[in-house]
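Residues per chain are reported as follows:
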Amino acid sequence: MSGYALAFLSFLVFLVQSSVMPFFFSGLHQPDLWLVVIVLATLIFDNKTAMTLALVGGLLTDLVTGNLFGLHLLPYLAIAALYLALGRKRYNRHWYISLFAMTLASLLYALLSWLVLLAAGSHVFSISYILYFVMSTTFMNGVAVLFLHRPLWAMKREGEPKW
């Protein structure tokens, strides 16, 4: 992916996540588009592109939300590194594999963000948190991955340009 396409994708996801999504969803219950794009990028694009998206997405999300710094950055980078190390060779363009990867990543993100909050001294993990926040976010991320699967695959360069 070229640098311009990467910058455009980052700007577009940032704009939609921070400006458009809050109009359609409540503050807590909305899909995490950065996580969706990061998971799909680890399965589609090269390592540098996926880690760049994870870094940019984590930094921007932490800065915009104004919460604990690292609450999004650390889980995004860990999930990207894990998917790049373990799942890259097994991916084969089917939507259901993207959906499975996104479901697993959403649950892993909830666990990692809970560990970050626990390290910061907060205690938010409970059964009601899982039912109220984690399950709804996992479902909405799964729906979002179904919409973003094809457009992100269309951005992949399959070979060298023929210039």
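Heads up: the structure comes first, above all this text.
Residues numbered from 1 in each chain as written. Predicted model: local features only at pLDDT ≥ 70, side-chain atom pairs only at ≥ 80, totals over all residues. Heavy atoms only, no water.

The subject of this paragraph is the overall build of the chain. When you go through the chain residue by residue, the secondary structure sums to 6 helices and 0 strands. Reading the secondary structure of the chain in the N-to-C direction produces α-α-α-α-α-α. For the chain, with 163 residues in total, the buried portion stands at 40%. When contacts within the chain are restricted to residue pairs at least 6 apart in sequence, those whose partners lie at least 24 apart make up 71%. Only carbon and sulfur atoms are counted for the fraction: they give 72% of the accessible area of the chain, which is about 9400 Å². (Helix = DSSP H or I, 4+ residues; strand = E, 2+ residues; numbered from the N terminus. Buried < 20%, exposed > 50% of the residue type's maximum accessible area, 1.4 Å probe, protein only. Contact = heavy atoms within 4.5 Å. Areas by Shrake-Rupley, 256 points an atom, 1.4 Å probe, with all protein chains shown as cover.)

A word on helix α4 (residues 73–86). Taking 1.5 Å of rise per residue, 14 residues should cover 20 Å, and α4 covers 20 Å from first to last C-alpha, within 8% of that figure. Residues L73, P75, Y76, I79, A80, Y83 and L84 constitute the buried set of α4. Among the structural elements, α2 (33–44), α3 (47–65) and α5 (95–119) are those in contact with the buried residues of α4. (Expected span 1.5 Å × (residues − 1).)

As enumerated under the stated definition, the model contains 2 aromatic pairs in all. The interplanar angle of 85° and the centroid separation of 5.8 Å between the aromatic rings of W95 and Y96 together place this pair among those described as edge-to-face. (Phe/Tyr/Trp six-rings, centres within 6.5 Å; stacked < 30°, edge-to-face > 60°.)

With that settled, consider the packing of α5 against helix α6 (residues 127–154). At a minimum axis separation of 9 Å, α5 and α6 run at an interaxial angle of 145°. Where α5 crosses over α6, the handedness of that crossing is right-handed. Of the residues in α6, those touching α5 at W95, S98, L99, M102, T103, S106, L107, A110 and S113 are Y129, V134, M135, T138, N141, G142, V145, L146 and H149. (Axes fitted to C-alpha atoms, helices over the stretch in contact; angles between N-to-C directions. Left-handed = near helix turned anticlockwise from the far one by under 90°.)

A few words on a nonpolar patch on the surface. Taken together, the side chains of V20, F23, F24 and F25 present a nonpolar region at the surface, about 460 Å² in accessible area. Within the element layout of this structure, F24 appears in helix α1 (residues 3–24). Note on F24: relative accessible area 63%, which makes it exposed. (Patch = residues over 30% accessible without salt bridge, like charges linked within 9 Å, V, L, I, M, F, W, Y side chains within 5 Å. Salt bridge = Lys/Arg side-chain N within 4 Å of Asp/Glu carboxyl O.)

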